[in-house]
Amino acid sequence: MASFLHAPMAYTVPSSASSQSVRRPKGLKLSCQAFGAKNAAKIPMPPINPKDPFLSKLASVASSSPETLLNSSANPDTPPYLDLFDSPKLMATPAQVERSVSYNEHRPRSPPPDLPSLLLNGRIVFIGMPLVPAVTELVLAELMYLQYMDPKQPIYLYINSTGTTRDDGEMVGMETEGFAIYDALMELQNEIHTVCVGCAIGQACLLLSAGTKGKRFMLPHSKAMIQQPRIPSSGLMPASDVLIRAKEVIINRDTLVELLAKHTENSVETVANVMRRPFYMDAKRAQEFGVIDKILWRGQEKVMAEVVPREEWDKKAGIKVADGF
């Protein structure tokens, strides 16, 4: 108790002046002088993060009411000045401060749309798989949606598909899948710009040639191929059912030949003759055959137009064609 009574205490002396002076304990004056001596020695200070919330709160309190800092109670169990916060929190690490400032404020509040939706927003329909029922359903829905949104703007159909078969020739979809997309293209009021970006085989080649005249394109190293429709696996079917399926395949073949002859402006006999075996076409040959109208070469159309066909190269080199195919 005696030691408590002898402790230095602050007291106020009334004066007639406009302001009252507050006297501080001598111990505080000595500590301030010692702090000034340390500053005079120019001790280097560690770098301070200006975005730290603790330092920002401390600076605002020091500028508004410095008495709060000077008269704060010293609690040896907690770090100093944490009582300034309503809910005390330790100082944030620089990584947390940087993440909260740079990333969270730009983070979208809803998940981004998927890639087909972004392409659809640019009026692009991309066929990048064989023509199975799920692909046909999606393509038909996108075509109808784009015509509903704007029947005057063109629709861009990008094709990289092996048609109703896989690359090894195994059948994965019915020929009606390709005919369904073809009929939808013919019913649309929009211009259809078709672009082959990899391969267009079988029914996919028909879709490539079914674009608006003058708006059918192909990248320089893409491939197109037309072939006869394949008969699905007969399994343990009776002979009468196999005959029915064979007749249906012949009907699909004749329909495919007629449609290709219509869009390529070739005769039915010419198309039927080349379709006896798989008929591969690079970009130049596809343009000559009438499948496409233009090769996309990014400003090199003039160079491609002056390229001599392979038959001319063989003729000038004296190479004779040994096989009729």
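Above this text is the structure in question.
Quick caveat: nothing in here was measured; it's all calculated off a predicted structure.

Participant: Could you give an account of the overall build of the protein, naming the residues involved and the relevant values?
Facilitator: Secondary structure assignment for the protein yields 14 helices and seven strands. Expressed as a percentage of contacts within the protein between residues at least 6 apart in sequence, the contacts between residues at least 24 apart total 66%. In the structure as shown, the protein presents an accessible area of about 22,400 Å², 59% of it carried by carbon and sulfur atoms.

Participant: Kindly report on the environment of Val132, identifying the contributing residues and their values.
Facilitator: With respect to the helices and strands, Val132 occurs in the loop between β1 (124-127) and α7 (133-149). Each C-alpha atom, one on Val132 and one on Gly173, is 5.0 Å from the other, the two residues being 41 residues apart in sequence. Sequence-distant contacts of Val132, that is, excluding residues within four places in its chain, are made with Val172 and Glu177.

Participant: Before we move on, could you go through α7 and cite the residues and values that matter?
Facilitator: Since the α-helix packs 3.6 residues into each turn, any two residues three or four apart lie on the same face. Across its 17 residues, α7 extends 24 Å between first and last C-alpha, which sits within 8% of the 24 Å expected from 1.5 Å per residue. Structurally, α7 contributes buried residues whose contacts are with α6 (115-121), β1, β2 (155-161) and α8 (175-187).

Participant: Can you lay out a nonpolar patch on the surface for me, pointing to particular residues and giving the numbers?
Facilitator: Together, Tyr145, Tyr148 and Met149 line one region of the surface with nonpolar side chains, adding up to about 400 Å² of accessible area. Within the element layout of this structure, Tyr148 appears in helix α7.

Participant: Please give an account of α8 that cites residues and values.
Facilitator: Across its 13 residues, α8 extends 19 Å between first and last C-alpha, which sits within 8% of the 18 Å expected from 1.5 Å per residue. The complete set of buried residues in α8 reads Glu175, Glu177, Gly178, Phe179, Ile181, Tyr182, Ala184 and Leu185. In this structure, the buried side of α8 is in contact with α7, β2, β3 (192-201), α9 (203-209) and α10 (239-264).

Participant: Help me get a handle on unusual backbone geometry, residues and values and all.
Facilitator: With phi around 60°, Arg123 is a residue other than glycine that occupies positive phi space. Its identity is not glycine, yet Glu265 carries a phi of approximately 60°, on the positive side. When you line up the elements, Glu265 lands in the loop between α10 and α11 (268-274).

Participant: Can you tell me about the nonpolar core, naming the residues and giving the values?
Facilitator: Formed by 45 residues in total, the largest nonpolar core has its most connected members in Leu143, Leu185, Leu207, Ile226, Met281, Phe289 and Val291. Non-local contacts of Leu143, meaning those with residues more than four positions away in its chain, are made with Val125, Ile155, Ala184, Leu185 and Leu188.

Participant: Can you tell me about the pattern of salt bridges, naming the residues and giving the values?
Facilitator: Scanning the entire structure with this criterion turns up five salt bridges. Between Arg166 and Glu170 there is a salt bridge whose closest N-O contact spans 2.5 Å. Across the pair Asp293 and Lys213 runs a salt bridge whose closest N-O atoms are separated by 3.8 Å. Taken together, the positions of Asp293 in the loop between α12 (283-289) and β7 (294-295) and Lys213 in the loop between α9 and β4 (216-218) put the pair 80 residues apart, joining distant regions of the chain.

Participant: Explain the pairing of β2 residue by residue, including any values.
Facilitator: Of the two faces of β2, the one lined by Ile155, Leu157, Ile159 and Ser161 is fully buried and the one lined by Tyr156, Tyr158 and Asn160 carries no buried residue. As for the winding sense of the linkage, the β-α-β connection from β1 through α7 to β2 is right-handed. Note that the unit made of β2, α8 and β3 has a crossover that is right-handed.

Participant: I'd love a proper account of the pairing of β1, names of residues and values included.
Facilitator: Burial along β1 is one-sided: the face carrying Val125 and Ile127 is buried and the face carrying Ile124 and Phe126 is not. Sheet topology note: the β1/β2 ladder contains four bridges and is parallel. Looking across to β2, one finds that Ile124 is bridged to Tyr156.

Participant: Any chance you could break down the packing of α8 against α10 for me, citing the residues and the numbers?
Facilitator: Where α8 meets α10, the closest approach of the two axes is 12 Å, and the angle between their N-to-C directions is 35°. You can see that α8 and α10 cross each other, and the crossing is left-handed. Taken together, the residues of α10 that come into contact with α8 (itself represented by Glu175, Phe179, Tyr182 and Met186) are Asn252, Thr255, Leu256, Leu259, Lys262 and His263. Within the contact of α8 with α10, the residues separate by chemical class into five nonpolar, three polar and two charged.

Participant: Talk me through the packing of α7 against α8; I want residue IDs and the actual numbers.
Facilitator: Packed helices, taken two at a time, are described by their axes: the angle between them and the distance between them. Running from N to C, α7 and α8 point in directions that differ by 5°, and their axes come no closer than 9 Å. With respect to α8, the axis of α7 lies roughly parallel. Judged by residue contacts, Pro133, Thr136, Val139, Leu140, Leu143 and Gln147 of α7 engage Glu177, Ala180, Ile181, Ala184, Leu185 and Glu187 from α8. Among the residues forming the contact of α7 with α8, the class breakdown is eight nonpolar, two polar and two charged.

Rules and cut-offs
- Residues numbered from 1 in each chain as written.
- Predicted model: local features only at pLDDT ≥ 70, side-chain atom pairs only at ≥ 80, totals over all residues.
- Heavy atoms only, no water.
- Helix = DSSP H or I, 4+ residues; strand = E, 2+ residues; numbered from the N terminus.
- Contact = heavy atoms within 4.5 Å.
- Areas by Shrake-Rupley, 256 points an atom, 1.4 Å probe, with all protein chains shown as cover.
- Expected span 1.5 Å × (residues − 1).
- Patch = residues over 30% accessible without salt bridge, like charges linked within 9 Å, V, L, I, M, F, W, Y side chains within 5 Å.
- Salt bridge = Lys/Arg side-chain N within 4 Å of Asp/Glu carboxyl O.
- Buried < 20%, exposed > 50% of the residue type's maximum accessible area, 1.4 Å probe, protein only.
- Core = buried A, V, L, I, M, F, W, Y, C linked by side-chain atoms within 4.5 Å.
- Right-handed = clockwise from strand over helix to strand, strands pointing away.
- Pairing = 2+ DSSP bridges.
- Axes fitted to C-alpha atoms, helices over the stretch in contact; angles between N-to-C directions.
- Left-handed = near helix turned anticlockwise from the far one by under 90°.
- Nonpolar A, V, L, I, M, F, W, Y, C, P; charged D, E, K, R; others polar.
- Parallel < 35°, antiparallel > 145°, perpendicular 65-115°, else oblique.

Any functional reading would require information that these geometric values do not contain.
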